[in-house]
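Coordinate analysis (summary)
Each chain is listed here by its residues.
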Amino acid sequence: MTKALLINYDYCTGCHSCEVACKKILGLPKGEFGIKVTEVGPFQYSEREGVKGVWEWTYMPVVTQACDMCADRTAAGKMPMCVQHCQAWCMYYGEAEELVKKMDGKDRWTLVTTKD
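Predicted model, so just to flag it, every value in this text is computed and none were measured.

Digging into the overall build of the protein chain
- Looking only at helices and strands, the protein chain has 4 helices and 5 strands in total.
- Helices and strands in the protein chain line up, N terminus first, as β-α-β-β-α-α-β-α-β.
- Dimensions along the principal axes, computed over C-alpha positions, put the protein chain at roughly 50 × 35 × 25 Å.
- Taking contacts inside the protein chain between residues at least 6 apart in sequence as the whole, the part at least 24 apart equals 62%.
- With the model as given, the accessible surface of the protein chain reaches about 7,400 Å², and the carbon-plus-sulfur share is 54%.
- Here the protein chain carries 14 positive and 15 negative side-chain charges, and the mean point of each set is 5 Å from the other.

Let's talk about the sheet that holds strand β4 (residues 91–95)
- Across the sheet, 3 strands lie side by side as β4-β1-β5; this open sheet has antiparallel pairing. The sheet is open, and its two borders are formed by β4 and β5 (109–113), each paired with just one other strand. Across this sheet, the average inter-strand angle for adjacent strands is 20°, counted without regard to direction.
- Both strand β1 (residues 3–8) and β5 contribute to a ladder of 5 bridges, which runs antiparallel. The residue of β5 that forms the bridge with L5 is V112.

Quick look at the side chain of E19
- By the secondary structure assignment, E19 is in helix α1 (residues 17–26).
- Polar side-chain contacts of E19 include one of 2.7 Å to the backbone nitrogen of V37.

So, the nonpolar core
- L5, C18, I35, C82, V83, C90 and M91 are the most contacted members of the largest nonpolar core, which has 14 residues in total.
- Elements with a minimum of two residues in this core: β1, α1, β2 (35–44) and α3 (81–85).
- If near-sequence neighbours (up to four positions away) are discounted, L5 is found in contact with V63, M69, P80, C82, V83, Y92, Y93, L99, T110, L111 and V112.
- Counting 5 residues, the second largest nonpolar core, distinct from the first, contains A4, A96, L99 and W109.

About the thresholds
Residues numbered from 1 in each chain as written. Predicted model: local features only at pLDDT ≥ 70, side-chain atom pairs only at ≥ 80, totals over all residues. Heavy atoms only, no water. Helix = DSSP H or I, 4+ residues; strand = E, 2+ residues; numbered from the N terminus. Contact = heavy atoms within 4.5 Å. Areas by Shrake-Rupley, 256 points an atom, 1.4 Å probe, with all protein chains shown as cover. Lys, Arg positive; Asp, Glu negative; His and termini not counted. Charge placed at Lys NZ, Arg CZ, Asp CG, Glu CD. Pairing = 2+ DSSP bridges. Axes fitted to C-alpha atoms, helices over the stretch in contact; angles between N-to-C directions. Polar contact = N/O pair within 3.5 Å; in protein donor to acceptor, adjacent residues only side chain to side chain. Core = buried A, V, L, I, M, F, W, Y, C linked by side-chain atoms within 4.5 Å. Buried < 20%, exposed > 50% of the residue type's maximum accessible area, 1.4 Å probe, protein only.

Purely geometric stuff here, so don't read any function into it on its own.
Printed below as a string of structure tokens:
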């Protein structure tokens, strides 16, 4: 079975807790990240009537190549550090097939799988 991280970008608040927890568990030096919270916006995404004047401002946790999804922790039955420390509870870990079922088509989601 393929393990994965599922992230709901609509609820990420940009607190960077996942980023800090990941850096600590992996022992990464300054400037290196296993997960990096990026800020997109603010920008006005449309000039169309009805949405004109609506602004987009999103925080996006991006999983980098340094991420091993906390292989030692997950092998011991624990959650990855990023998921455990997510303040907005918008990150999930588990079987990819099960996580896909959470994707409701209403929110913006990203599914990241492990390397086999």
